[in-house]
Amino acid sequence: MIPTIEWKNGKVFMIDQRKLPFEEVFIEHSGYKDVADSIKKMVIRGAPAIGVAAAMGVALGVNNIDKNEKDPGIIFNEIVKVLGETRPTAINLFWALDEMKKVFNLFQTNIPILKKRILEKALEIKSDDEKTNKDIGRIGEVVINDGDIVLTHCNAGSLATAGYGTALGVIRRANSSGKKISVVAGETRPFLQGARLTVWEMQKENIPVTLITDNMAGHLMSKGRIDLVIVGADRIALNGDTANKIGTYSIAVLSKFHNIPFYVAAPLSTIDIGSASGNDIPIEERDGNEVREIFGKRISLPETKVVNPAFDVTPFSLITGIITERKIISSDPESEIRTLIR
Ligand code: MRU
């Protein structure tokens, strides 16, 4: 499996997801500002992967602090601020920055030790994420039956995480345990994560995949050609409302209408107990040219008014279950979440 993000010799390497599936190019980062820029420009994307990138960005920033620095706190706060201003919806970004802050607070008085501990923490966040995804796959596999056609949206795969993936992790696990499944990937306009990334990942592992444009899902459902939906999440509120890639909500409404199970797969680090409901989740608005253009080619008039929300919120009432690394939450999300996150 090609690594999404890696720490090597004091630098951070990321596969440039904007260029996939046509080119497999790695970008080298030597400072936290480069990492912030790559998160903003979607060189790396997907909530858990953004969290790992932010943690490694902090490690790069701290690595460059002079060992005699009198006030590392000022530098550290600036690093966290710059990384925290990249993408507002993916909660894993803020979760990872908080984890790094805890380490900083413990070791800030000894800079050489601080550098070591901060790097260890960033690497731990990365390895834990991969392990967590495997647990999500193991727990979630039961929702997939032999022969199922599974619709997924965006890319909640290896590329969106430290490895293995959340929604695609469940699919990977079902496939490797011998279930004959096939995947339908929504193309995911405007950034085309489904067409470019999910198809690429599935093909690399010989998991049968069929690409559709986003407006085809309802038709396929009405013809009995989708058995189940599994998507990832960018932020889950305490009441189970889930923000995920724009278009997810429409698929959830269609699934309800057609009586098709609709699952969200996400690590507990994607749950934001500070958001009581989906209304509290900030939705990132991106540049309108992503809608006016495809691969830099205009598909509408240059001044056309557009909106470009990157995410939408699916109410828990439309979700059959949230597959986490500990259990599937299918009812009473608030008390389940409070028990799981203490
Ligand atoms: O804008 P993106 O590509 O970062 O959005 C990604 C998604 O919406 C994913 O479904 C989500 O982050 C879950 S990834 C395991």
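Refer to the structure presented above.
Residues numbered from 1 in each chain as written. Predicted model: local features only at pLDDT ≥ 70, side-chain atom pairs only at ≥ 80, totals over all residues. Heavy atoms only, no water.

Enquirer: Please set out the site of the ligand residue by residue, giving values where relevant.
Expert: The environment of the ligand is formed by 19 residues, the closest being R45, Q193, D234, N244 and K245. The contact in question runs from an oxygen atom of the ligand to an N or O atom on the backbone of G46, over 2.9 Å. More than half of the atoms of the ligand fall within 2 Å of the grid points belonging to the largest cavity. Contributing elements (two or more residues each) for the shell around the ligand: α2 (47-63) and β9 (242-245). A breakdown of the residues in the shell around the ligand according to their chemical character gives eight nonpolar, seven polar and four charged. (Near = heavy atom within 4 Å. Polar contact = N/O pair within 3.5 Å; in protein donor to acceptor, adjacent residues only side chain to side chain. 1 Å grid on protein atoms, 1.4 Å probe; cavity = no way out; pocket = protein on both sides within 12 Å on 5 of 7 lines; lining within 4 Å. Sits in = over half its atoms within 2 Å of the grid points. Helix = DSSP H or I, 4+ residues; strand = E, 2+ residues; numbered from the N terminus. Nonpolar A, V, L, I, M, F, W, Y, C, P; charged D, E, K, R; others polar.)

Enquirer: Talk me through the sheet that holds strand β3 (residues 26-29); I want residue IDs and the actual numbers.
Expert: A sheet is described by the order of its strands in space; here three strands give the open sequence β1-β2-β3, paired in antiparallel fashion. Each edge of the open sheet is held by one strand with a lone partner, namely β1 (5-8) and β3. Taking each pair of neighbouring strands and ignoring which way they run, the sheet shows an average axis angle of 25°. Here β1 pairs with strand β2 (residues 11-15) via four bridges, running antiparallel. When the bridges of β2 are listed, W7 appears paired with V12. (Pairing = 2+ DSSP bridges. Axes fitted to C-alpha atoms, helices over the stretch in contact; angles between N-to-C directions.)

Enquirer: Could you give an account of the environment of L238, with specific residues and numbers?
Expert: Mapped onto the secondary structure, L238 falls in the loop between β8 (235-237) and β9. Using a relative accessible area of 5% as the deciding quantity, one classes L238 as buried. Considered as a pair, L238 and S275 are 37 residues apart in the sequence and their alpha carbons are 6.1 Å apart. Non-local contacts of L238, meaning those with residues more than four positions away in its chain, are made with D272, I273, S275, A276, P333, E334, I337 and R338. (Buried < 20%, exposed > 50% of the residue type's maximum accessible area, 1.4 Å probe, protein only. Contact = heavy atoms within 4.5 Å.)

Enquirer: An account of the packing of aromatic side chains is requested, with residue identities and associated values reported.
Expert: On inspection of all chains with the given rule, the structure shows two aromatic pairs. Centre to centre, the rings of F22 and F295 are 6.3 Å apart; their planes meet at 70°, and the pair counts as edge-to-face. Taken as a pair, F22 in the loop between β2 and β3 and F295 in the loop between β12 (293-294) and β13 (297-298) lie far apart in primary sequence, 273 residues in all. F295 carries the same exposure label as F22, and that label is exposed. (Phe/Tyr/Trp six-rings, centres within 6.5 Å; stacked < 30°, edge-to-face > 60°.)

Enquirer: Tell me about helix α4 (residues 91-107), residues and numbers included.
Expert: Taking 1.5 Å as the rise per residue, α4 with 17 residues should run 24 Å; its terminal C-alpha atoms sit 25 Å apart, in good agreement. Buried within α4 are the following residues: I91, N92, L93, A96, L97, E99, M100, V103 and F104. Next to the buried residues of α4 lie α2, α3 (72-84), α5 (111-140), β8 and β11 (271-272). (Expected span 1.5 Å × (residues − 1).)

Enquirer: With reference to specific residues and values, describe the layout of surface pockets.
Expert: Here the largest pocket defines a volume of roughly 590 Å³. Along the wall of the largest pocket there are 28 residues; nearest its centre are W95, E99, L268, S269 and E325. If you list the elements that add at least two residues to the lining of the largest pocket, you get α2, α4, α5 and β11. In terms of residues, the lining of the largest pocket owes the most to one element, α4, which gives eight residues. When grouped by side-chain class, the residues that make up the lining of the largest pocket number 13 nonpolar, four polar and eleven charged. Taken as a whole, the second largest pocket holds about 370 Å³ of empty space. Along the wall of the second largest pocket there are 14 residues; nearest its centre are P190, F191, E290, F295 and G296. (Points joined across faces, edges and corners; volume = space filled by probe spheres on them.)

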